[in-house]
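A closer look at the structure
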Amino acid sequence: MSLSVKLWLKQPIGHVIAWWMLVIGLIVSPAAWSAPAVALGYTPKYPPHFSHFDYVNPTAPQGGTLTLPALGGFDTLNPFTLKGDKEAGIAMLLFDSLAEKSWDEPFTVYGLLAEDIALAEDGLSVTFRLNAAARFSDGSAVEAADVKHSFDTLTQDPAAHPRFRAYWSDIKQAVVLDKRHIRFDFKRRNAELHMIIAELPVFSRRWGGQGQLGKQPLTPPLASGPYLLTKYQLGKNSEFKKNPHYWAKNHPVRRGMFNFDRIRFRYLLDDTVRLEAFKAGEFDVVAENIAKTWARSYRGAAFDEKRILKHTFPNQNPTGMQGFVMNQRRAVFADRRVRQALALAFDFDWANRQLFYGQYRRSQSYFSNSELAAQGTPSAAELALLNPLREHLSAAVFGPAVTLPASPDAFALRNNLLQARQLLFEAGWLLSPEGKLVDAQGRPFRFEFLTFSKTYERIVAPYQRNLARLGIELAIRTVDSSIYQQKLNQFDFDMTVAVYGMSLSPGNELRDYFSTASADQLGSLNLAGVKHPALEHLLDHFVSFRDRNELVTAARALDRVLRAEYLLVPNWHLATHRVAWWDKFAYPQQLPLYYQAQEWMIHTWWQKPEIKGKQ
């Protein structure tokens, strides 16, 4: 399941027998099954008719207001188009989906709009039975025709973000059977397709139809979620009010969630302004992503007096991979040896000591912090996948999993730079009399790092100096967030920060990251522009595996290839969320396992009753 696509999912009613039959043959069941919940290769944790998820407080007090910061701005209320800067809350607060993903299992969905999920015996279709109580915010019933409309619009309307079309590319069509039943037909068997289509955000067929998706940027979607958009100022702020008639407020997958009467977002262009505004009480909660800021700036009288609290919350999220991605659409990055040299020039150990206060670990794997990461030499099962592709692969794939060397001191860094220089020479680069690296035609090795955050200026500056020692000129360019996003959508950059979000059950989202087709699709997440025959072959295994072991093997094999290709300069990861908040909120004692900080706050926190009484 994709973390970077950020769709939306949720629980039901159902057959106990079907529940216990569910897992054994989830992908290649000898007979058709139906159930109110589906897990990818294991038994769902929660039984039919369960009361609530373990990580919520089912009796949480209701009411109050949560005010949150959002960086950048927005010029559209439509979360589905490629064009436009998106509002921060609409996708999460206005929509329900066919099923909801739990946060304490690797990948299980529990019906919400759908109360039953039935996979066909041949695995080539899935049928959903809609909950008869489901209603849009205007009181009209959610019907199968609305589900079909949502799917057809997101996958066929020219204005829709192409990511939706790629994500569900193996679905042939949606077929309305009657008002409460809809069937999705598949082009081929796909191990997770019946689950990821359950993530479909459903909206009324009275919104976005007849090619109007891209023509109503300021018309809020008509959907069935827990909140209504009540006011907004483009680029400045937005406010949501809980729908008092929300149809699913007592539904098991919603009980104990969305406890605030109002949720507000205020938009800022700068991290420094955000922090000072938080300290002044303009925001209630902040999830901090900058190590230096967390270490040095979350202090003062309000913290000393415990009016502001701060804490690091553990999680078991697969951290995926973050790094300085090299756009291979630029000729300068075409040679793998060049990309390896650029990776060697980044001194993570120095940055962690001097800039990050020792808070991070180096990311070596695309599946960091999970069992999917490749370790040591390939297993026999991994080799069975890799050996047929040997002619397309570097020899490094078949040895110990590629890791970048540490640089604990200046001597180690010097060795890394010497190795990088040798790789550059082998790739045909030359050193000019002036000490500049040039190609055979005398053109200098020069490229640009694109960012929208001033934070990265101080992080990239030491890297810039190391590259200069190799004769490479790196320029740092900072633009505002809207221009930055436009450039990424158009692949108009040399190097930038890329985040490859991963789940414990990776699947269709990998095609958006690494397939040949996505390399040419504007707006895709294939920022590296990678086109590799071995990757094309390996990606097929993520839709055809038969059990968890095959999925883990495929992930480890893919990880080996990606690491040996040096698509990026690996950065770092953290297995905790750093959160600060004004002491007027509470949260459940039991934490989920797999969650994002702000989403967790919105879903499960509540305002203390004594605070509400003072307002």
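Residues numbered from 1 in each chain as written. Predicted model: local features only at pLDDT ≥ 70, side-chain atom pairs only at ≥ 80, totals over all residues. Heavy atoms only, no water.

Some words on the overall build of the chain
Each helix and strand counted, the chain has 20 helices and 26 strands in total. Relative to its length of 615 residues, the chain is compact, with a C-alpha radius of gyration of 25 Å against a globular reference of 25 Å. In terms of its C-alpha atoms, the chain occupies a principal-axis envelope of roughly 75 × 65 × 45 Å. Per-residue burial for the chain yields a buried fraction of 59% across its 615 residues. Within the chain, contacts between residues separated by at least 24 positions form 73% of all contacts whose residues are at least 6 apart in sequence. By element, 52% of the accessible surface of the chain is carried by carbon and sulfur atoms, the whole surface being about 24300 Å². The averaged location of the 60 negative side-chain charges in the chain is 3 Å from the averaged location of its 71 positive side-chain charges. (Helix = DSSP H or I, 4+ residues; strand = E, 2+ residues; numbered from the N terminus. Rg over C-alpha atoms; globule rule 2.2 N^0.38 Å. Buried < 20%, exposed > 50% of the residue type's maximum accessible area, 1.4 Å probe, protein only. Contact = heavy atoms within 4.5 Å. Areas by Shrake-Rupley, 256 points an atom, 1.4 Å probe, with all protein chains shown as cover. Lys, Arg positive; Asp, Glu negative; His and termini not counted. Charge placed at Lys NZ, Arg CZ, Asp CG, Glu CD.)

Examining the sheet that holds strand β13 (residues 285–288)
Sheet architecture is open: three strands sit in the order β13-β24-β14, paired in antiparallel fashion. Both edges of this open sheet fall to β13 and β14 (308–314), since each of them pairs with a single strand only. Ignoring strand direction, the axes of neighbouring strands in this sheet form an average angle of 20 degrees. Note that β13 and strand β24 (residues 576–582) share four bridges and pair antiparallel. Bridge assignment links V285 to a residue of β24, and that residue is W581. The strands touched by helix α6 (residues 271–279) are β13, β14 and β24; relative to β13, the strand with the most contacts, the crossing angle is about 145 degrees. (Pairing = 2+ DSSP bridges. Axes fitted to C-alpha atoms, helices over the stretch in contact; angles between N-to-C directions.)

Details of a nonpolar patch on the surface
On the surface, a nonpolar cluster with roughly 240 Å² of combined accessible area is contributed by L218, Y232 and L234. Here L218 lies in the loop between α5 (193–196) and β10 (227–233). (Patch = residues over 30% accessible without salt bridge, like charges linked within 9 Å, V, L, I, M, F, W, Y side chains within 5 Å. Salt bridge = Lys/Arg side-chain N within 4 Å of Asp/Glu carboxyl O.)

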